[in-house]
Each structure stands twice: as C-alpha cells, then as structure tokens.
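The lines below spell out each chain.
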Amino acid sequence: MFLTRLIYVSTLCESCDDKALNDILNISREHNQKRHLTGLLSHNNKYFLQCLEGSRSAVNHTYNHILNDSRHSNVLILDYKEISQREFGDWSMGDIPQSHLTTLLNLQFSGSNEFNPYELSGESAYLMLLELKKNLPSE
Ligand SMILES: Cc1cc2nc3c(=O)[nH]c(=O)nc-3n(C[C@H](O)[C@H](O)[C@H](O)COP(=O)(O)O)c2cc1C
C-alpha cells in the first residue's frame, strides 16, 4: 500500500485544555502504533497543525475520525500526497508545544511572527515541521 503524508490545520475548541491535549496525544499514540502511522502534532492555544504519515488507507481512516472530533473545528487540508519515505518515522505522534513555535520560525515560514497555520502553504507547513523535528527527541 502506498505511503502517503497528510498535513492539515484546525482550530482548538474553547474547552480544549491541557487535559484534552494529553488525551488526544495518548489515544493518537496508542492507535497510531497499531496502524503504523507516524507524525507530529504542533499546537498553540488556538490552532493545531498536524502531519500524519502511513499507508493511504490508515491515513484516510484516521483522518475521518479526526474530522469528526469535537475538540477542534475548521479542519483544512494543506497537503496530501504520495511519498516514497517517511520523514517523521521516529514519532507515533510527536508533541510540539507552543514554546517551540518561536517568532523566528514563524517569520521563516509565514508572513507574520505568530503561529497561524491557516496562513501557511502546504510546502511551508511541511518545511516548518521538518525544522521542528530537529529539536524533538525520539519517542
Ligand atoms: C487535533 C487532533 C489530532 C488527532 N490525532 C489523532 C491521531 O493521530 N490518531 C488517532 O488515532 N486519533 C487522533 N485524534 C483522535 C481522534 O479524533 C479520535 O478521538 C480517536 O481516534 C478515537 O476514535 P474512536 O473513539 O472512534 O476510537 C486526534 C484528535 C484531534 C482533535
């Protein structure tokens, strides 16, 4: 089955607190390990930017669950493509908190110094995630 990579953005719901974030990461890691999915979830207090890699069927299956999750809204796909290798294979779901989303990094990949992934092109989002993984320990 082809390897694919999906990158999407969404908006946290108002009640999405630290506990909800931990729940999301825990269930993601549990499910993703079983489905051989890998990726990163970056977030500040407003937005998610997530990348998911794996077989086309596993990525699509999981994305359908994610779409219907009431802990976020305005889900928008930035990029979806067939790939020849994984770039985020060290993480079943790596957590990138707000502290990693520096002014410098936002300026490098977007038109402002704030993290607003709706303003990113698919390519910029991908390159930003590649930059972010450099400072992330393996799981
Ligand atoms: C921003 C966000 C990212 C998520 N990422 C994943 C993920 O990578 N893998 C996963 O299995 N579930 C992920 N979830 C959780 C799913 O939406 C869903 O709650 C979970 O798969 C359990 O589904 P189930 O209750 O139908 O089994 C995510 C949810 C949110 C809000």
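Residues numbered from 1 in each chain as written. Predicted model: local features only at pLDDT ≥ 70, side-chain atom pairs only at ≥ 80, totals over all residues. Heavy atoms only, no water.

Chemist: Just checking my understanding: could you explain the UniProt feature "domain: BLUF" (unreviewed entry) in the protein for this structure?
Modeler: Those residues carrying the UniProt feature "domain: BLUF" (unreviewed entry) are residues 3-94 in this numbering. End C-alpha atoms of residues 3-94 are separated by 19 Å, and the span's content is 33% helix alongside 41% strand. (UniProt positions renumbered as here; feature names shortened; annotations may be inferred. Helix = DSSP H or I, 4+ residues; strand = E, 2+ residues; numbered from the N terminus.)

Chemist: What am I meant to see in helix α2 (residues 56-67) here?
Modeler: Each turn of an α-helix holds 3.6 residues, which means side chains three or four residues apart point in the same direction. Compared with the 16 Å implied by 1.5 Å per residue over 12 residues, the 16 Å span of α2 between its first and last C-alpha is a close match. Along α2, the residues that are buried comprise Ala58, Val59, Thr62, Tyr63 and Ile66. Seen from one end, α2 has its buried residues packed into an arc of 125°, which puts them on one side. In this structure, the buried residues of α2 make contact with β1 (3-12), α1 (18-35), β3 (47-55) and β4 (72-83). (Expected span 1.5 Å × (residues − 1). Buried < 20%, exposed > 50% of the residue type's maximum accessible area, 1.4 Å probe, protein only. Arc of directions from axis to C-beta. Contact = heavy atoms within 4.5 Å.)

Chemist: Is there a simple way to explain the pattern of salt bridges in this structure?
Modeler: When the charged atoms of two side chains with opposite charge come close together, those side chains can pair. On inspection of all chains with the given rule, the structure shows eight salt bridges. Across the pair lysine 19 and aspartate 23 runs a salt bridge whose closest N-O atoms are separated by 2.6 Å. With lysine 19 and aspartate 23 both in helix α1 and four residues apart, this pair spans about one turn of that helix. (Salt bridge = Lys/Arg side-chain N within 4 Å of Asp/Glu carboxyl O.)

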